[in-house]
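Residues per chain, in single letters:
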Amino acid sequence: MNIIVCIKQVPDTTTKVRVGKDGKHIDPGGVKFIVNTYDDFAVEEAIRLKERFGGEVTVISMGPERVKEALRMCLAMGADKAIQLWDPAFEDSDPYTTALILSKAIQQLPYDIIFCGKQAIDRDTMSVPVYLAELLGLPQATLVVKLEVDPNARKFIAYRDIEGAKEVIEGLLPAVISTQWKLNEPRYPTLPNIMKAKKKELKELNAAALGLDSAQVGEKGSRVKVLSMELPPPRSKGKILKGDPREVCRELVRLLREEAKVI
Amino acid sequence: MKIDFFNTESLLSEEEILIRNTIRKFVDERVIPIIGDHFEKGTFPMDLIPDLAKLGVFGANLQGYECAGLNNVAYGLIMQELERGDSGLRSFVSVQSALVMYAIYTYGSQEQKEKWLPSMARGEKFGCFGLTEPDYGSNPAGMQARAVKDGKFYILNGTKRWITNGSIADVAIIWAKLNGQIRGFLVEKGTPGLTVLEMKKKLSLRASITSELILEDCRIPEENLLPKTEGLKSALSCLTQARYGIAWGAVGSAMACYEEALNYAKTRIQFDKPIASFQLIQEKLVFMLTEITKAQLMCLQLGRLKDKGEMDYTQVSMAKLNNVHMALEIAREARDILGANGISLEYSAIRHMNNLESVKTYEGTENMHKLILGQKITGIPAFN
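This structure is a prediction, so every number in the text was calculated from the model and none was measured.

Turning to the overall build of chain B, a few remarks are in order. Helix and strand counts for chain B stand at ten helices and nine strands. Taken over the C-alpha trace, chain B has a radius of gyration of 21 Å; the compact-globule value for 384 residues is 21 Å, and the two agree within 12%. Taking the contacts inside chain B whose residues are at least 6 apart along the sequence as the reference set, 75% of them involve residues at least 24 apart. Seen as two clouds, the 44 positive and the 45 negative side-chain charges of chain B have centres 3 Å apart.

This is the structure in structure tokens:
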């Protein structure tokens with residue numbers, strides 16, 4: 001099977017994020033970047049399919065030089081090839097243009113199934129996999145927690161947890177599958193595989209190589225743009241009421257009603 | 001949290017960073033949440049071993065025989081991260097890799113290598129290293145263990161004490177005198193005449209198995225002699241490998257203690273402000289970070305020298321002596337900053353502190369390393 005995984009490099013959850021000077025981006029200085037948590041499930045599922053049915057796993061990511069580190073991590077986990085998509089014109093791409101750029105790269109490759117994490121933990125838009133399926137004209141299954149694939153019948157069965165129920169859907173391959181955290185347990189890359197990762201192919205493609213012109217991508221091609229970004233206000237100090245329990249209760253109820261307006 | 005004040009990461013290759021990050025994640029997710037309980041109960045976390053083997057940490061800096069074939073800096077970073085979890089865990093990996101696998105790799109016959117190294121790399125077989133005796137610690141040359149040739153066999157007699165992993169080892173490398181020369185022998189588990197006793201009542205390295213090995217007319221086939229061993233220097237060359245790992249490992253312990261102390265100092269409020277705002281606490285934190293930074297740089301250069309084949313054992317002595325000394329000082333200071341909480345296994349400072357008392361003593365005591373360096377500098381041996 002030819003398996004493709006789209007990944008994003010995001011700030012580590014333990015990193016302290018600061019907003020940059022322009023008020024629209026995070027300040028990347030001092031930020032530790034990791035492979036998006038949900039993409040780990042996508043990579044793991046892809047490698048398991050390869051181990052079962054044979055074939056090749058190609059990992060793709062759009063982003064600047066630093067995303068190579070994330071791609072190498074996926075190669076160390078067991079992916080076979082990696083492609084970095086970058087061009088200065090890609091800066092400030094929205095989910096639609098990101099999916100467009102990814103789709104152009106994928107169209108140059110043979111593929112039977114495409115995996116994406118269900119969302120990136122930095123921007124949380126959950127829309128790239130959906131756009132991608134549309135742009136490629138493929139069936140899709142989102143937030144998948146269990147997957148069965150039959151490469152001969154060219155079919156998949158996907159299990160989804162929906163509000164209060166489980167849903168089982170069947171579809172034709174090729175398809176776009178977005179992965180949810182229960183799907184599998186991502187492996188740690190082994191030390192020998194980390195050493196082998198350096199020797200695996202890591203290709204770079206820019207706008208021209210993808211047949212895109214700068215008006216289609218980046219902020220120009222985007223359908224939504226970020227106006228501003230700010231950190232949540234620091235939590236204000238709690239209030240401690242002291243005194244006679246009766247009085248304190250009465251005051252608490254008054255504050256909940258009049259100040260907090262929750263009762 | 002990144003503890004890298006001099007940006008030593010910029011001196012590492014992409015693979016070295018990936019390897020460190022992988023082991024770091026494993027230790028954060030799998031070791032740190034459970035290790036305090038193991039320390040309290042005095043048990044080794046055996047269930048981590050299959051996964052550590054799958055990662056490829058055993059004999060990771062050896063070439064071939066299913067070993068990962070990493071360079072020595074990557075190997076050192078693994079030791080650092082493991083000991084950031086616990087010195088007992090790092091000791092387990094050190095003994096298996098640097099003492100046992102290295103000894104077989106360097107002094108073994110082809111058959112011995114093929115028999116033991118792949119299964120040890122896979123974590124299916126374990127080894128231990130029997131050099132120290134009850135009456136011969138810093139002076140192993142005086143050892144009482146003896147081997148005598150008897151037809152196609154050797155008969156071994158002697159007692160080895162303070163042997164890490166002894167009770168779970170499938171094979172023990174026993175150093176004993178054969179016609180007056182110290183040689184290494186492979187003694188397999190279950191050999192008649194070999195008795196293994198687990199040593200209890202330790203207040204240090206509690207999450208690690210320590211044993212006593214008693215050999216009474218223990219008869220082993222002649223092919224179990226490590227053929228290339230020649231005298232004490234063969235055993236000491238294995239110790240150099242292990243001490244190299246300890247020099248890195250101690251930095252890991254120190255990092256864990258510093259991180260814990262810093263976080264605690266920033267959040268612990270006394271006199272209406274974080275204790276980190278007091279000069280006496282800041283002085284301690286600065287001392288810690290400075291010592292860690294110096295040790296990081298020392299390890300890295302030591303590793304680069306080792307990779308070039310230019311490392312001298314006296315340099316290893318200096319790094320082991322310095323780094324364990326500073327780590328122990330840092331653990332004590334961290335314990336102090338944590339106040340009463342510092343004595344609890346809910347935190348890691350006292351666990352590291354107690355562990356490091358062993359690390360200071362084993363693989364050459366701090367005093368012996370000073371004397372090794374004293375001899376190097378002056379040309380005059382102060383011992384023997």
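Now for the overall build of chain A. Within chain A one finds seven helices and eleven strands. Classification of the 263 residues of chain A by burial places 44% in the buried group. In chain A, 70% of the contacts between residues at least 6 apart in sequence involve partners at least 24 apart. Only carbon and sulfur atoms are counted for the fraction: they give 52% of the accessible area of chain A, which is about 14400 Å².

Tallied over the full model, the rule gives 14 aromatic pairs over all chains. Ring geometry for Trp 86 of chain A versus Phe 90 of chain A: centroids 6.2 Å apart, planes at 80 degrees, classification edge-to-face. The exposure class of Trp 86 of chain A is partly exposed, given its relative accessible area of 24%. Geometrically, the ring pair formed by Tyr 75 of chain B and Tyr 244 of chain B is stacked, given 6.5 Å between the ring centres and 15 degrees between the ring planes. Here the residue Tyr 75 of chain B occupies a position in helix α3 (residues 72–85), and Tyr 244 of chain B occupies one in helix α6 (residues 232–267), the gap between them amounting to 169 residues. Using a relative accessible area of 0% as the deciding quantity, one classes Tyr 244 of chain B as buried. Ring-pair connections join several aromatic residues into one group, and the members of that group are Phe 44, Phe 58, Phe 92 and Phe 126 of chain B. Residue placement shows Lys 146 of chain A over the ring face of Tyr 159 of chain A; its charged tip is 4.5 Å from the ring centre. Directly above the ring of Tyr 96 of chain A sits Arg 223 of chain A, whose terminal nitrogen or CZ lies 3.6 Å from the centroid.

To continue, consider the sheet that holds strand β8 (residues 155–162) of chain A. All names here are of chain A. Overall, mixed pairing links the nine strands, which are arranged β9-β8-β7-β10-β6-β1-β4-β5-β11 in an open sheet. Each edge of the open sheet carries a strand with a single partner, namely β9 (165–172) and β11 (201–205). Pairwise comparison of adjacent strand axes, ignoring direction, gives a mean angle of 30 degrees for this sheet. As paired strands, strand β7 (residues 140–150) and strand β10 (residues 175–179) are joined by three bridges and run parallel to one another. Within β10, the residue paired with Gln 140 across the bridge is Val 176. Sheet contacts for helix α2 (residues 67–77): β4 (56–62), β5 (81–85) and β11; angle to β5, the most-contacted strand, approximately 165 degrees.

Where interface size is quoted, it is often the accessible area lost as the parts come together. Listed by partner, the interface residues are twelve residues for chain A and 18 residues for chain B. When chain A packs against chain B, the two sides together hide about 1500 Å² of surface, and 69% of this comes from carbon and sulfur. Note that Glu 14 of chain B and Lys 198 of chain A form a salt bridge whose closest N and O atoms lie 3.6 Å from each other. Applying the counting rule to chain A against chain B returns three residue pairs in polar contact (both at pLDDT 80 or more).

A separate point is the domain arrangement of chain A. Under the domain assignment used here, chain A contains domain 1 (2–221) and domain 2 (235–263). Here domain 1 of chain A and domain 2 of chain A have C-alpha centroids that lie 48 Å from each other.

Counting across every chain of the model gives two cavities of 30 Å³ or more. Taken as a whole, the largest cavity encloses approximately 170 Å³ of empty space. Lining the largest cavity are 16 residues, and of these Thr 8, Arg 20, Leu 77, Gln 80 and Gln 296 of chain B lie nearest its centre. Classifying every residue of the lining of the largest cavity by side-chain character gives eight nonpolar, three polar and five charged. Each of two domains, domain 1 (8–121) and domain 3 (233–378) of chain B, supplies a minimum of three residues to the lining of the largest cavity. Empty space within the second largest cavity amounts to approximately 40 Å³. What lines the second largest cavity is simply Arg 72, Ile 194, Ala 197 and Lys 198 of chain A together with Glu 14, Glu 15 and Leu 18 of chain B. Mapped onto the lining of the second largest cavity, the elements with two or more residues apiece are α5 (191–197) of chain A together with α1 (14–41) of chain B. With three residues, the single largest contributor to the lining of the second largest cavity is α1 of chain B. For the lining of the second largest cavity, the per-class residue count stands at three nonpolar, no polar and four charged.

Right, let's get into the side chain of Asn 165 of chain B. Residues and elements named next belong to chain B. Within the secondary structure, Asn 165 is located in the loop between β3 (153–164) and β4 (171–178). Of the residues examined, Asn 165 reaches a relative accessible area of 2% and is grouped as buried. Once residues within four sequence positions are removed from consideration, Asn 165 is found in contact with Phe 92, Val 95, Gly 127, Cys 128 and Ile 209.

Residue and element names in this part refer to chain B. Taken domain by domain, chain B comprises domain 1 (8–121), domain 2 (127–229) and domain 3 (233–378). Summarising the inter-unit geometry, the C-alpha centres of domain 1 and domain 2 are found 23 Å apart. On the domain 2 side, the residues contacting the 31 residues of domain 1 number 24 residues. Here domain 1 meets domain 2 over a buried area of about 2100 Å², counting both sides, of which 66% is carbon and sulfur. If you look at where domain 1 meets domain 2, you find one salt bridge. Between Glu 188 and Lys 115 there is a salt bridge; the shortest N-O distance is 2.7 Å. Our enumeration of links across domain 1 and domain 2 arrives at seven residue pairs in polar contact (both at pLDDT 80 or more). Elements supplying a minimum of two residues to the side of domain 1 that touches domain 2: α1, α4 (87–107) and α5 (110–121). Counted by class, the side of domain 1 that touches domain 2 contains 15 nonpolar, eleven polar and five charged residues.

Cut-offs applied
Residues numbered from 1 in each chain as written. Chains lettered and ligands numbered in written order. Predicted model: local features only at pLDDT ≥ 70, side-chain atom pairs only at ≥ 80, totals over all residues. Heavy atoms only, no water. Helix = DSSP H or I, 4+ residues; strand = E, 2+ residues; numbered from the N terminus. Rg over C-alpha atoms; globule rule 2.2 N^0.38 Å. Contact = heavy atoms within 4.5 Å. Lys, Arg positive; Asp, Glu negative; His and termini not counted. Charge placed at Lys NZ, Arg CZ, Asp CG, Glu CD. Buried < 20%, exposed > 50% of the residue type's maximum accessible area, 1.4 Å probe, protein only. Areas by Shrake-Rupley, 256 points an atom, 1.4 Å probe, with all protein chains shown as cover. Phe/Tyr/Trp six-rings, centres within 6.5 Å; stacked < 30°, edge-to-face > 60°. Lys NZ or Arg CZ within 6 Å of the ring centre and 35° of its normal. Pairing = 2+ DSSP bridges. Axes fitted to C-alpha atoms, helices over the stretch in contact; angles between N-to-C directions. Buried area = accessible area lost by both parts, 1.4 Å probe. Salt bridge = Lys/Arg side-chain N within 4 Å of Asp/Glu carboxyl O. Polar contact = N/O pair within 3.5 Å; in protein donor to acceptor, adjacent residues only side chain to side chain. Domains from an automatic or database assignment. 1 Å grid on protein atoms, 1.4 Å probe; cavity = no way out; pocket = protein on both sides within 12 Å on 5 of 7 lines; lining within 4 Å. Points joined across faces, edges and corners; volume = space filled by probe spheres on them. Nonpolar A, V, L, I, M, F, W, Y, C, P; charged D, E, K, R; others polar.

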